[in-house]
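# Architecture at a glance
For reference, the chains in residue letters:
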2 protein chains.
Amino acid sequence: MTVVPLRSRRSRTSPRRRAPEIIEAAARVFAQQGFHGATTQDIADVLGIRQASLYYYFPSKEGALELVCLQGVAGYFEVAKAIASAPGTAAEKLSRLIKSHLAPLTDRSDFVRVFLNERQHLPSESRRRIGKWSRGVERVFEDVVKEGVRRGEFRADLDTRLAVLAILGMANAAANWYRHEEVAIERISGEFARLVVDGVKKRRKPRSRGRRVPRPGR
Amino acid sequence: MTVVPLRSRRSRTSPRRRAPEIIEAAARVFAQQGFHGATTQDIADVLGIRQASLYYYFPSKEGALELVCLQGVAGYFEVAKAIASAPGTAAEKLSRLIKSHLAPLTDRSDFVRVFLNERQHLPSESRRRIGKWSRGVERVFEDVVKEGVRRGEFRADLDTRLAVLAILGMANAAANWYRHEEVAIERISGEFARLVVDGVKKRRKPRSRGRRVPRPGR
DNA sequence: GCGTTTATCTATAGCCCAATAGGTAGAATT
DNA sequence: AATTCTACCTATTGGGCTATAGATAAACGC
C-alpha cells in the first residue's frame, strides 16, 4: 500500500560528487580571509561557479564552516588516545603526540587553520560540541605529562596544565606560519618535541647517548 | 598679512578627550568578535553612543583597527632590544624576553589579541609596516638564541629559527586563553621561560644549584 | 554676552551579501 | 522513450553595514 521510496535502490553514483572539492575551496577561502572576511562569492570564484550554486552543497555559510572544522580534526582524537595508551616512556609518547598533532598540516593545513582560528564563529551548539573535543585533546596531553611527572621522568615542580597549554600553543602556531614549500613537517615536529623535552639548554655531560629510558619509580 | 590661525593658542583642553575610551571599546569588540565579525554598531553599543558618532574619533573602521594594533605593541620593541643588549647569560635574557613579551597581557590583553589575530585585515600599507616590526622582534629573539648557541650555553644542534617560532607561538597563544582572573602573568611567564630553557625532563643530579653562569667561549 | 569649538545627534545614501525561488540542460535510470 | 535526478543557472529579496551630511546643544574663551 504505502509507497516505499526507491531512492536507496537507484543511483549508485551518489549525489553531490564534487562536495569534497567545494568544501576544500571553502577551507582555502576561510583560511585566507577569515570566516567573516570571506564571502560566498569568493568561494564560488575559486570554483568557477555561481554564488547561489554553492547552496546545492551546503545549507548555509555557517554550515560550510562547520564542515570545514570537522574535517580539520577528523580522526585525530583517536590517534592521540592510541598514542597515550601505547607503551613507551612519557617523553616518547609526548614526542609522538606532538608529531601526530602537526602531521595534518602536510595535506590539510587550510582545514586545520580554519579549525584553529575560526571555530569561535560557529553557531553556539556546534561550538560547544567542538570545544568539548578540544578539551579532550588537552586532557590526553596532560595525562601523559602527569604520567611523566609521576614516574620521575619529568620535573616534579612542573605545572602540568601550563606545560600543556605551552605545548599546544607552540604546535598550533605552526599552522599559521607553515607553508608546505619550505621545511618538512617531520623536521619541525621533531625539533619541537626535542625542545619541549630537553629545552634549549645544553645538558651537562650526556653520558650514555643511546639509552633514554629513565629509572622507574619516584 | 596672512592670517595666523589662533587655533594652537586657545583651548588648552585638547579635543577628543574620550579617544582612549573609544579605542579601548573598539579593542574589546574586535578581540571578542574579530574585525569582520564586529560592527561599528557593536562598538557604539559598548559606549552608549550612536554608531555615526564614532566617526568623530576615527576616520574608518580600518583606521580604528590600526590604532588598536599600534597600541597593542607600543614600546615593546625598545624593551626587547634593551634586554638583548643588557648583560647576562643567554638563558637569563631569553627568560626576560619571554616575561616582557607576556607582560602587556595584564592590562592590555584586548589590544594584544587584536594585534595577533586581526592585523592581517589591516590595509596593505600598514600591514606591511607592522609585519616589519614583527620580524624585528623575531630577530631580537633569534639573536639571543644564537648567542646562547655560540657561547656553548645552548645545544649546538638547535635550529634557532624553529626555536624562536616555537617560543613566540607558545607565548602568543597565551593571549588567547589568558583571562586575568585566574593565574598571574608572572607565574605563567616564569613557567614558560623555565620550560623553554630546561624542557620538561628532569635533569640528572643538578649539582650546584645556585650558579648558572656557563663557561664562556666554546 | 557672543562667537567658536566640541561632542554628540538624526537621517540617509549606497553597497554588499546571504539566502531563496524557480528554471533547465543533460545524464542516468527504468 | 519516458521519467527522474543531478548540477548547475538567473533573478531577486531583504537585511545589514559603513560612511557622509548636516543639525544642535552644551561648554569654552574672551
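Residues numbered from 1 in each chain as written. Chains lettered and ligands numbered in written order. Predicted model: local features only at pLDDT ≥ 70, side-chain atom pairs only at ≥ 80, totals over all residues. Heavy atoms only, no water.

### Focus: the overall build of chain A
Quick note on the threshold: Runs of H or I in DSSP of at least four residues are treated as helices and runs of E of at least two as strands, each being numbered from the N terminus. Think of it in three bands: with a 1.4 Å probe and only protein chains considered, a residue is buried below 20% of the maximum accessible area for its type, exposed above 50%, and partly exposed in between. Any two residues whose heavy atoms approach within 4.5 Å are treated as being in contact. Here the accessible surface of atoms and residues is derived via Shrake-Rupley with a 1.4 Å probe, and residues count as covered only by protein chains that are part of the display.
In terms of regular secondary structure, chain A is built from nine helices and zero strands. By residue count, 45% of the 218 residues in chain A fall in the buried class. Taking as baseline every contact in chain A between residues at least 6 positions apart, the subset at least 24 positions apart corresponds to 67%. Split by element, the accessible area of chain A, about 12400 Å² in all, is 51% carbon and sulfur.

### Quick word on the interface of chain A and chain B
Which entries qualify depends on this criterion: Buried area counts how much accessible surface, traced with a 1.4 Å probe, disappears from two parts once they are put together, with both parts' losses summed. The salt bridge criterion pairs a side-chain nitrogen of Lys or Arg with a carboxyl oxygen of Asp or Glu, the two atoms within 4 Å. In the analysis that follows, any N or O atom pair within 3.5 Å is treated as a polar contact, provided that within protein one partner can donate a hydrogen and the other can accept it, and provided that, for residues neighboring in sequence, both atoms belong to side chains.
Across the boundary between the two partners, chain A contributes 39 residues, which contact 39 residues of chain B. For the pair chain A and chain B, the summed buried area comes to about 4000 Å², and 56% of that belongs to carbon and sulfur atoms. When the area that chain A buries against chain B is broken down by residue, the three leading residues are Arg155, Val200 and Lys201 of chain A, summing to 20%. Counting across the chain A and chain B interface gives five salt bridges. Between Lys201 of chain B and Asp198 of chain A there is a salt bridge, with the nearest N and O atoms lying 4.0 Å from each other. Across the contact surface, chain A and chain B share 20 residue pairs in polar contact (both at pLDDT 80 or more).

### Points about the domain arrangement of chain A
Residues and elements named next belong to chain A. We apply this condition: Each domain span listed reflects an automatic or database assignment of domains.
Each assigned domain of chain A is listed here: domain 1 (15-68) and domain 2 (71-200). Each of domain 1 and domain 2 has a C-alpha centre, and the two are 28 Å apart. In this assembly, 14 residues from domain 1 lie in contact with 12 residues from domain 2. The contact between domain 1 and domain 2 buries some 1200 Å² in all, and 64% of this surface belongs to carbon and sulfur atoms.

### Remarks on the packing of helix H5 (residues 90-102) of chain A against helix H9 (residues 185-198) of chain A
Residues and elements named next belong to chain A. Cut-off, in case you're wondering: To get an axis, a line is fitted to the C-alpha atoms, and for a helix only the part in contact is used. The angle between two axes follows their N-to-C directions and goes from 0 to 180 degrees. Two helices crossing with the near one rotated counterclockwise from the far one by less than a right angle form a left-handed crossing, whereas a clockwise rotation gives a right-handed crossing. Charged means Asp, Glu, Lys or Arg here, nonpolar means Ala, Val, Leu, Ile, Met, Phe, Trp, Tyr, Cys or Pro, and polar covers whatever is left, Gly included.
Closest axis-to-axis distance for the H5/H9 pair is 9 Å, and the angle between their directions is 145°. Crossing angle aside, the handedness with which H5 passes H9 is right-handed. Of the residues in H9, those touching H5 at Ala91, Leu94, Ser95, Ile98, Lys99 and Leu102 are Ile185, Ile188, Ser189, Gly190, Phe192, Ala193, Val196 and Val197. Residues belonging to the contact of H5 with H9 are distributed by class as follows: 10 nonpolar, three polar and one charged.

### A word on helix H8 (residues 160-177) of chain B
Residue and element names in this part refer to chain B. Put simply, the rule reads: Each helix should span, by expectation, one fewer than its residue count multiplied by 1.5 Å.
Given a rise of 1.5 Å per residue, 18 residues ought to cover 26 Å, and the 26 Å separating the end C-alpha atoms of H8 matches this to within 8%. The element H8 is largely enclosed, with a buried count of 14 among its 18 residues. Where H8 begins, the capping side chain belongs to Asp159, and its oxygen is found 3.2 Å from the backbone nitrogen of Arg161.

### Quick word on the pattern of salt bridges
A side chain with one charge may pair with a side chain of the opposite charge, provided their charged atoms come close. Applying the stated criterion across every chain yields a total of 27 salt bridges over all chains. Glu153 of chain A is the partner of Arg151 of chain A in a salt bridge, and the nearest nitrogen-oxygen pair spans 3.8 Å. Residue Arg151 of chain A is classed as partly exposed on the basis of its relative accessible area of 32%. Here Arg155 of chain A ties to Asp157 of chain A by a salt bridge, and the two come within 3.1 Å at their closest N and O atoms. Given a relative accessible area of 5%, Arg155 of chain A falls into the buried group. Residue Asp157 of chain A is classed as partly exposed on the basis of its relative accessible area, which comes to 46%. Salt bridges sharing partners connect three or more residues here, namely Arg194, Asp198 and Arg203 of chain A together with Arg155, Asp157 and Lys201 of chain B.

### Observations concerning the relation of the copies chain A and chain B
Filter applied, for reference: In superposing the copies, a least-squares fit is computed on C-alpha atoms, taking residues whose pLDDT is at least 70 in both.
Superposition of chain A onto chain B requires a rotation of 180° combined with a translation of 0.0 Å along the rotation axis, giving an RMSD of 0.0 Å. What the rotation and shift describe, once combined, is the action of a two-fold rotation axis.

### Side note on the side chain of Glu118 of chain B
Residue and element names in this part refer to chain B. Quick reminder of the rule: Counted as positive: Lys and Arg. Counted as negative: Asp and Glu, with His and the chain ends omitted from the count.
Here Glu118 is to be found in helix H6 (residues 105-118). It turns out Glu118 is buried and unbridged, and the closest side chain with the opposite charge, Arg113, is 7.9 Å from it. At 3.1 Å, the side chain of Glu118 forms a polar contact with the backbone nitrogen of Phe35.

### With respect to the packing of H9 of chain A against H8 of chain B
Here is the rule: By the definition adopted for this analysis, an angle is roughly parallel if under 35 degrees, roughly antiparallel if over 145, roughly perpendicular if from 65 to 115, and oblique otherwise.
Packing of H9 of chain A against H8 of chain B leaves a shortest axis separation of 10 Å and a crossing angle of 70°. The angle between H9 of chain A and H8 of chain B falls in the class roughly perpendicular. Two packed elements cross with a definite hand, and for H9 of chain A against H8 of chain B that hand is right-handed. Contacts between H9 of chain A and H8 of chain B involve Arg187, Ile188, Glu191, Phe192 and Leu195 of chain A from the first element and Leu162, Ala163 and Ala166 of chain B from the second. Class assignment for the residues of the contact of H9 of chain A with H8 of chain B results in six nonpolar, no polar and two charged.

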